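What follows is the residue order along each chain.
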There are 2 protein chains.
Amino acid sequence: MNIKDIAKISGVGISTVSRVLNNSGVVSDTTRARVLSVVKQYNYVPNSNARNLKKTQSNTIALMIKGISNPFFANMIKEVERQVHLRGCPLMIQQVEDGVDEIAAAMQLIREKNLYGVIFMGGTYDHSEEEFKQLGIPFVLTTITTMKEVDPNVFSSVSIDDVQSAYKATNYLISLGHRNICFMARYPLMENTIGNRRLLGYKKALEEHGIEYDSALVEDCEYAPSFGFAAAKRLLSKNLGVTAMFAASDAIAIGAAKAVLSSGLSIPGDISIVGFDGIEMAEYYHPSLDTISQPGVEMAHVSVEILFDLIAGETANRHVVFESMLVKRGSSRKIN
Amino acid sequence: MNIKDIAKISGVGISTVSRVLNNSGVVSDTTRARVLSVVKQYNYVPNSNARNLKKTQSNTIALMIKGISNPFFANMIKEVERQVHLRGCPLMIQQVEDGVDEIAAAMQLIREKNLYGVIFMGGTYDHSEEEFKQLGIPFVLTTITTMKEVDPNVFSSVSIDDVQSAYKATNYLISLGHRNICFMARYPLMENTIGNRRLLGYKKALEEHGIEYDSALVEDCEYAPSFGFAAAKRLLSKNLGVTAMFAASDAIAIGAAKAVLSSGLSIPGDISIVGFDGIEMAEYYHPSLDTISQPGVEMAHVSVEILFDLIAGETANRHVVFESMLVKRGSSRKIN
DNA sequence: GATGTGTATCGAAACGATTCGATTTTACAA
DNA sequence: TTGTAAAATCGAATCGTTTCGATACACATC
């Protein structure tokens with residue numbers, strides 16, 4: 001069943017059917033009604049391969065994501081799907097594994113599928129201006145840090161201020177009287193990663209309060225409970241008199257909390273903990289974990305909005321920085 | 001840059017380029033090398049819309065998923081993406097919201113995109129044999145219950161035995177001396193839902209041990225911590241002398257545990273808890289939650305394998321039932 | 001009645017691939 | 001050389017759309 005069949009059955013030309021289906025050009029009301037009824041009756045769905053071929057553009061959006069199993073992204077993916085779907089577009093998902101070039105992978109898809117737009121989510125992108133430019137279609141970076149200095153007119157982005165957020169968390173712990181605060185993140189020592197941005201905020205807070213930075217208190221740690229657990233164990237075994245831990249993700253914080261509790265220490269009695277992200281599980285941990293909460297769903301929503309604005313012809317790239325929120329629950333306490 | 005350009009530059013006909021790229025038919029080694037070098041030099045990627053149009057079949061796989069933000073599915077989605085990607089196919093994801101007809105939604109995509117295959121993941125499907133048949137392309141149901149009796153020759157599936165698994169969990173609690181065991185799941189009273197299957201196993205265990213079933217101990221509850229928390233609160237407030245809780249998901253169990261702990265009761269001192277799924281967070285909860293673990297990643301893997309077997313021409317539908325595993329950690333104890 | 005102006009519709013061409021029947025080239029025996 | 005089969009290659013037709021220039025008709029205007 002194709003457009004020709006529909007045309008024949010409706011007794012009109014194929015271009016008329018096309019105009020009816022695309023709401024383009026003029027069609028008399030009676031013709032429109034007749035065509036639509038035939039379409040409905042035969043349950044006709046236009047072939048998007050043919051359409052995309054002709055238009056040399058598909059309506060498909062691709063989501064390139066690093067860390068797909070990170071629970072913080074789950075709700076974001078859900079919202080991206082929802083918003084994209086709402087606009088009548090199919091969503092393609094491609095996971096970007098460590099070590100693969102995300103721009104190259106996207107380029108492949110773009111040429112193959114004539115994509116409408118791309119959302120990049122998660123991780124750290126080590127690309128030059130030129131590489132971003134060569135994408136040639138609208139795209140948005142969400143919760144991503146770029147390692148190179150790239151002209152902001154070249155891309156759109158949705159993010160939070162990682163330095164400021166980590167600063168806020170660390171400040172909070174300091175205000176509670178903590179001095180020996182450790183920090184766990186992925187690649188904290190590698191410049192321009194998210195881990196490094198958060199380390200910067202952590203350092204800034206220490207510095208402002210005259211607390212000396214001690215690299216022994218910083219642990220490299222993947223964003224998952226098992227790594228947080230191991231990192232916290234290592235930290236505790238160093239006997240540095242740690243009274244507080246700041247984790248760059250709730251998943252890490254949950255693992256770290258487990259390490260603390262299973263060592264016979266209490267939270268927040270002996271150790272205070274602050275996480276990052278604001279995932280639901282952290283709230284239901286016992287004790288409920290304090291955290292820096294990111295508005296993930298809103299960020300996903302705005303990412304899609306920006307993307308479709310660009311697709312609609314908007315030429316100015318936007319950079320939206322959301323405010324993170326320090327959520328105080330039950331995992332920190334005042335000491336001294 | 002299209003196949004014609006490549007043909008011209010290589011000094012060969014377009015069909016030769018096509019044969020080189022698809023490894024179909026004969027091409028002399030020298031010609032093949034020449035074409036490939038041009039393809040590489042110009043970074044040519046065949047347009048899949050054109051290819052799919054001609055072949056009236058695309059290589060796209062669709063994943064229709066209910067409950068995309070459920071952490072148990074995160075790893076499954078990741079594995080599905082990985083396996084599909086490994087086979088050189090793009091993956092389309094569509095979220096199936098409550099109340100939408102998943103088969104109809106899939107049909108739309110199938111006709112629009114000439115899909116290669118579909119994986120349905122999560123939830124309960126209320127469809128007849130006819131409806132499944134009309135899909136007309138290979139598909140696999142993963143972690144899904146079907147409400148109607150459908151001829152197993154009509155579909156392939158990957159699952160665990162929900163009745164048996166819940167039976168195992170309940171039996172375990174009973175063996176520890178518990179009598180007043182409550183049960184939390186989604187739609188436990190609606191026939192053929194996953195919640196109901198697990199309820200059946202729960203009931204079976206009770207019955208075998210001469211414990212009377214008490215519907216006051218059963219709570220309807222969505223698969224998320226907040227709902228588990230509320231359900232457990234309701235249960236505790238009934239003062240039924242509950243000593244154990246069995247939750248049909250770890251997310252529920254985590255919420256329930258929070259309700260127990262924040263009521264000043266201890267786990268497993270006062271209340272024993274067993275969850276379901278085997279998500280990482282449950283292990284790092286404190287105390288570590290006992291659970292019925294499902295091999296999600298393997299299930300995802302096998303689902304993709306079956307799907308591609310069907311695509312390759314396999315005509316016999318397969319039904320793989322994985323073994324779930326009772327994982328004893330620290331949230332249950334022997335009483336009396 | 002000739003001309004002009006909308007309105008509604010038509011169908012051929014094009015998008016970029018695959019494929020199959022036709023054609024050319026090569027290899028080798030006679 | 002020639003004949004012939006096998007190997008290599010060619011290009012037209014096709015997939016199902018969109019789009020644009022052309023057409024047909026009704027009606028008003030002069």
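Residues numbered from 1 in each chain as written. Chains lettered and ligands numbered in written order. Predicted model: local features only at pLDDT ≥ 70, side-chain atom pairs only at ≥ 80, totals over all residues. Heavy atoms only, no water.

1. Some details on the protein's contact with DNA strand C
Phase 1 of the analysis: Taken together, 28 residues form the shell around DNA strand C, and within it G13 and T31 of chain A together with I3, S18 and Y44 of chain B come nearest.
Phase 2 of the analysis: Counting only the atoms of DNA strand C within 4 Å of the protein, the fraction contributed by sugar and phosphate is 55%.
Phase 3 of the analysis: A distance of 2.7 Å separates a phosphate oxygen of DNA strand C from a polar atom in the side chain of T16 of chain A.
Phase 4 of the analysis: Backbone polar atom of A50 of chain B to a base nitrogen of DNA strand C: 3.3 Å apart, as the coordinates give it. (Near = heavy atom within 4 Å. Polar contact = N/O pair within 3.5 Å; in protein donor to acceptor, adjacent residues only side chain to side chain.)

2. Regarding the sheet that holds strand β8 (residues 181–185) of chain A
All names here are of chain A.
Phase 1 of the analysis: As summarised here, the arrangement of the six strands in space is β9-β8-β10-β11-β12-β14, forming an open sheet in which the pairing is mixed. Each having just a single partner strand, β9 (218–220) and β14 (325–327) make up the two edges of the open sheet. Going from strand to strand, the sheet's axes swing by 15° on average, the running direction of each strand aside.
Phase 2 of the analysis: Here helix α8 (residues 162–175) sits on the sheet and contacts β8, β10 (244–247), β11 (272–277), β12 (290–293) and β14; the angle it forms with β11, its principal contact strand, is near 165°.
Phase 3 of the analysis: Contacts from helix α11 (residues 250–262) reach β8, β10, β11 and β12, with the element oriented near 160° to β11. (Pairing = 2+ DSSP bridges. Helix = DSSP H or I, 4+ residues; strand = E, 2+ residues; numbered from the N terminus. Axes fitted to C-alpha atoms, helices over the stretch in contact; angles between N-to-C directions. Contact = heavy atoms within 4.5 Å.)

3. Considerations on the pattern of salt bridges
All names here are of chain A.
Phase 1 of the analysis: Enumeration over the complete set of coordinates arrives at 19 salt bridges over all chains.
Phase 2 of the analysis: Between R82 and E79 there is a salt bridge, with its nearest N and O atoms 3.3 Å apart. Within this pair, R82 and its partner E79 are both found in helix α5 (residues 71–86), separated by three residues, close to a single helical turn.
Phase 3 of the analysis: Note on R82: relative accessible area 31%, which makes it partly exposed.
Phase 4 of the analysis: Judged by its relative accessible area of 8%, E79 falls in the buried class.
Phase 5 of the analysis: E219 serves as the salt-bridge partner of K238, at 3.1 Å between the closest nitrogen and oxygen. Here K238, found in the loop between α10 (225–237) and β10, pairs with E219, found in strand β9; they are 19 residues apart in sequence, far enough to count as distant. (Salt bridge = Lys/Arg side-chain N within 4 Å of Asp/Glu carboxyl O. Buried < 20%, exposed > 50% of the residue type's maximum accessible area, 1.4 Å probe, protein only.)

4. Thoughts on the interface of chain A and chain B
Phase 1 of the analysis: Taken residue by residue, the interface counts 55 residues in chain A and 55 residues in chain B.
Phase 2 of the analysis: Buried area between chain A and chain B, both sides added, is near 4700 Å², and the carbon and sulfur share of it is 56%.
Phase 3 of the analysis: When the area that chain A buries against chain B is broken down by residue, the three leading residues are N49, M281 and Y284 of chain A, summing to 15%.
Phase 4 of the analysis: At the boundary of chain A and chain B, one finds zero salt bridges.
Phase 5 of the analysis: Viewed at the interface, chain B and chain A are joined by 25 residue pairs in polar contact (both at pLDDT 80 or more).
Phase 6 of the analysis: Those elements that place two or more of their residues in the side of chain A that touches chain B are α4 (48–55), α5, β2 (91–95), α6 (102–113), α10, α11 and α12 (280–284) of chain A.
Phase 7 of the analysis: Examining the composition of the side of chain A that touches chain B, we find that eight residues originate from one element, α5 of chain A, more than from any other.
Phase 8 of the analysis: For the side of chain A that touches chain B, a count of residues per class yields 25 nonpolar, 20 polar and 10 charged. (Buried area = accessible area lost by both parts, 1.4 Å probe. Nonpolar A, V, L, I, M, F, W, Y, C, P; charged D, E, K, R; others polar.)

5. Some words on the nonpolar core
Phase 1 of the analysis: Ranked by internal contacts, the top residues of the largest apolar core, which has 158 residues, are M184, M245 and F246 of chain A together with M245 and F246 of chain B.
Phase 2 of the analysis: If near-sequence neighbours (up to four positions away) are discounted, M245 of chain B is found in contact with L173, C182, M184, A232, L236, A256, V260, I271, S272, I273 and V274 of chain B.
Phase 3 of the analysis: One finds L109 of chain A together with M92, A105 and F120 of chain B within the second-largest nonpolar core, a separate group that totals 46 residues. (Core = buried A, V, L, I, M, F, W, Y, C linked by side-chain atoms within 4.5 Å.)

6. Details of helix α6 (residues 102–113) of chain B
Residues and elements named next belong to chain B.
Phase 1 of the analysis: Taking 1.5 Å per residue as the helical rise, α6 with its 12 residues ought to reach 16 Å, and the 16 Å between its terminal C-alpha atoms agrees with that figure.
Phase 2 of the analysis: Most of α6 is tucked away, with nine of its 12 residues classed as buried.
Phase 3 of the analysis: All buried positions along α6 are accounted for by E102, I103, A105, A106, M107, L109, I110, E112 and K113.
Phase 4 of the analysis: Two or three places before I103, at the opening of α6, D101 has a side-chain oxygen 3.0 Å from that residue's backbone nitrogen.
Phase 5 of the analysis: Looking one or two residues beyond α6, the residue adopting positive phi is N114, at roughly 50°. (Expected span 1.5 Å × (residues − 1).)

7. Points about the environment of L141 of chain B
Phase 1 of the analysis: Considering the arrangement of structural elements, one finds L141 of chain B in strand β5 (residues 139–142).
Phase 2 of the analysis: Remark: the alpha-carbon pair of L141 of chain B and I267 of chain B, spanning 126 residues in sequence, is separated by 36 Å.

8. Here's the deal with the sheet that holds strand β12 (residues 290–293) of chain B
Residues and elements named next belong to chain B.
Phase 1 of the analysis: As summarised here, the arrangement of the six strands in space is β9-β8-β10-β11-β12-β14, forming an open sheet in which the pairing is mixed. Either end of the sheet is taken by a strand with one partner, and the two such strands are β9 (218–220) and β14 (325–327). Sheet twist, expressed as the average angle between the axes of neighbouring strands with direction ignored, equals 15°.
Phase 2 of the analysis: Seen against the sheet, helix α10 (residues 225–237) touches β8 (181–185), β9 and β10 (244–247) and runs at an angle of roughly 150° to β8.

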